[in-house]
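Okay, here's what each chain looks like letter by letter:
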Amino acid sequence: MVLCAYPLENARLMLLSDIGTPYDPQTGEGVVGKNYCYQVMSGATVFYDEEYTNGFVGAGALGMAVDEYNGDNFDHSGLGFIGGGYIACYTTNARPIESHPVPDGVPGWGSEWKQSVRANFLKTASVGVHGASMAHRSNYLDLDPTYTDRHGRPLLRMTYDFTINDRRLTAHITPVAEEIARGMGGREVNVAERKGSYDSMPYQTTHNTGGTIMGTDPKTSVCNRYCQSWDLHNLFVAGAGLFPQNAGYNPTGTVAALAYWSVAAIIDQYMADPGPLVQA
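Residues numbered from 1 in each chain as written. Predicted model: local features only at pLDDT ≥ 70, side-chain atom pairs only at ≥ 80, totals over all residues. Heavy atoms only, no water.

A. Looking closely at the overall build of the protein. Across its full length, the protein carries 4 helices and 9 strands. Mapped from its N terminus to its C terminus, the protein presents α and β elements in the order β-α-β-β-β-α-β-β-β-α-β-β-α. Structurally, the protein occupies a C-alpha span of about 65 × 45 × 40 Å along its principal axes. For the protein, with 280 residues in total, the buried portion stands at 41%. Taking the intrachain contacts of the protein between residues at least 6 apart in sequence as the baseline, contacts between residues at least 24 apart amount to 72%. Surface summary for the protein: the accessible area is close to 15,200 Å², and the carbon and sulfur share equals 56%. Computed over 18 positive and 28 negative side-chain charges, the separation of the two mean positions in the protein equals 5 Å. (Helix = DSSP H or I, 4+ residues; strand = E, 2+ residues; numbered from the N terminus. Buried < 20%, exposed > 50% of the residue type's maximum accessible area, 1.4 Å probe, protein only. Contact = heavy atoms within 4.5 Å. Areas by Shrake-Rupley, 256 points an atom, 1.4 Å probe, with all protein chains shown as cover. Lys, Arg positive; Asp, Glu negative; His and termini not counted. Charge placed at Lys NZ, Arg CZ, Asp CG, Glu CD.)

Printed below as a string of C-alpha cells:
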C-alpha cells in the first residue's frame, strides 16, 4: 500500500487509521502530525511607467535566483536564526485571477482598483524571498475535535504560526530583496514584509511539509529511510510530509527523488522478502 494523498491528507489518514502514535505537543512525544512546516515568504514588487515586463510570457519557472542567503551559504554569526532562503525574480505566467499587483494606497476593489490593475499588469516585476521553515514543537497536525467530513470522520486540524526563527530570518533577507528591487530602476517599489501571524487566506505557497516525517528512530519518526511505515511494514508513504524540516528550496525535486528511491526499494527488496527494510 502506497499512501500518496498529499502531506496533509496522508497525516489525517494515518491518524484516522490509528497507524503510529499521534504527536502530543505538551509532552513532545508521538510522531504522526509532528514537524509540520510551511515556508516564509516575502519580497518586493517594482512598478514601471514605460518598460513592459510582460509577466504572462514564458515558462512557469523562468527567472534568476540568488542563493547566497540560503542554508549555510552565509555567516549567521549574531543573527539569532538558522537556515535562510533564496531571492528570485521570475515569471509564473501572471495568472490573471491571482496576479494583479497595484501600488500602495490603491483600494482593494472598485473602479480605481480596476484601473490600476489595467495600468500595471504588464509593467511590474517581483523579487521574492523563499525562506526555510524549521520545525517547532508548537506547530503540528492533529484530528479536529469538532469538525467532521460528510462521513462523520474528524477533519484535519492545523496548529501553526511563524516562529521567532522565521521572523528573524525574513527580517534579515527581505531588505536584501528590497535593495535589489530598488536597483531595478522602477517608478516605485512595494515591499511585502513577513509580519503578523500566519493567515491561510492570501495565497503564499503550497509547499506544506512534515506530519509523516522519515528518520532513523521509530520513537521520533513515522517512516524509515525507504519511506516505509515503522508500524506497518506493507505501508509506504510518499510526498513532502516525509521532510523533517522545510528547506529554503521548493520540495518537488526531492519528493520525486524519494518516490523513485522508495519504489526501487519496494521492487528490489520488499517484494522478494516482505518485512521491515530497516530494523528498529
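B. Up close: the pattern of salt bridges. Within this structure, the stated rule accounts for 10 salt bridges. The residue D161 makes a salt bridge to R167 at a minimum N-O spacing of 3.7 Å. Ionic pairing is found between E178 and R182, a salt bridge with its closest N-O pair at 2.9 Å. Of this pair, E178 and R182 both sit in helix 3 (residues 164-182), 4 residues apart, roughly one helical turn. Overall, the relative accessible area of 24% leaves E178 in the partly exposed class. (Salt bridge = Lys/Arg side-chain N within 4 Å of Asp/Glu carboxyl O.)

C. Spatial organisation of helix 2 (residues 111-120). Of all the positions in helix 2, only S116, V117 and N120 are classed as buried. The buried residues of helix 2 occupy an angular sector of 100 degrees when projected down its axis, which confines them to one face. Exposed residues on helix 2 whose side chains face more than 90 degrees from its buried face are S111, K114, Q115 and R118. At its buried positions, helix 2 is contacted by strand 2 (40-47) and strand 5 (124-131). (Arc of directions from axis to C-beta.)

D. Focus on the pairing of strand 2. The buried count for strand 2 comes to 8 of 8 residues, which makes it a mostly enclosed element. Across 8 bridges, the pairing between strand 2 and strand 5 is antiparallel. Of the residues in strand 5, the one forming a bridge with V46 is A125. Here strand 2 runs beside strand 8 (residues 188-192); their pairing, made up of 5 bridges, is antiparallel. Across the sheet, G43 pairs through a bridge with A192, a residue of strand 8. (Pairing = 2+ DSSP bridges.)

E. The arrangement of the environment of Y249 in detail. Note that Y249 resides in the loop between strand 9 (236-237) and helix 4 (252-270). By relative accessible area, Y249 is classed as partly exposed at 43%. As a C-alpha pair, Y249 and N139 span 110 residues in sequence and 20 Å in three-dimensional space. Aside from chain neighbours lying at most four places away, what touches Y249 is Q39, D67, N70, N73 and Y86. A distance of 2.6 Å separates a polar atom in the side chain of Y249 from a polar atom in the side chain of D67. (Polar contact = N/O pair within 3.5 Å; in protein donor to acceptor, adjacent residues only side chain to side chain.)

F. Region of interest: the pairing of strand 3 (residues 62-66). Here strand 3 lies mainly on the outside; 0 of its 5 residues are buried. The sheet contact formed by strand 3 and strand 4 (residues 85-91) spans 5 bridges and is antiparallel. When the bridges of strand 4 are listed, M64 appears paired with C89.

G. Main features of helix 4. Relative to the 27 Å expected for 19 residues at 1.5 Å per residue, helix 4 spans 25 Å between its end C-alpha atoms, a close match to the ideal helical length. Taken together, the buried residues of helix 4 touch strand 1 (2-3) and strand 9. (Expected span 1.5 Å × (residues − 1).)

H. Spatial organisation of the sheet that holds strand 3. Spatially, 5 strands are ordered 3-4-5-2-8 in an open sheet, and the strand pairing comes out antiparallel. The sheet is open, and its two borders are formed by strand 3 and strand 8, each paired with just one other strand. Shown here is a sheet whose adjacent strand axes are inclined to one another by a mean of 20 degrees, direction ignored. On the sheet, helix 3 packs against strand 2, strand 4, strand 5 and strand 8 and is oriented at approximately 15 degrees with respect to strand 2. (Axes fitted to C-alpha atoms, helices over the stretch in contact; angles between N-to-C directions.)

The values reported here are purely geometric and, on their own, carry no functional implication.
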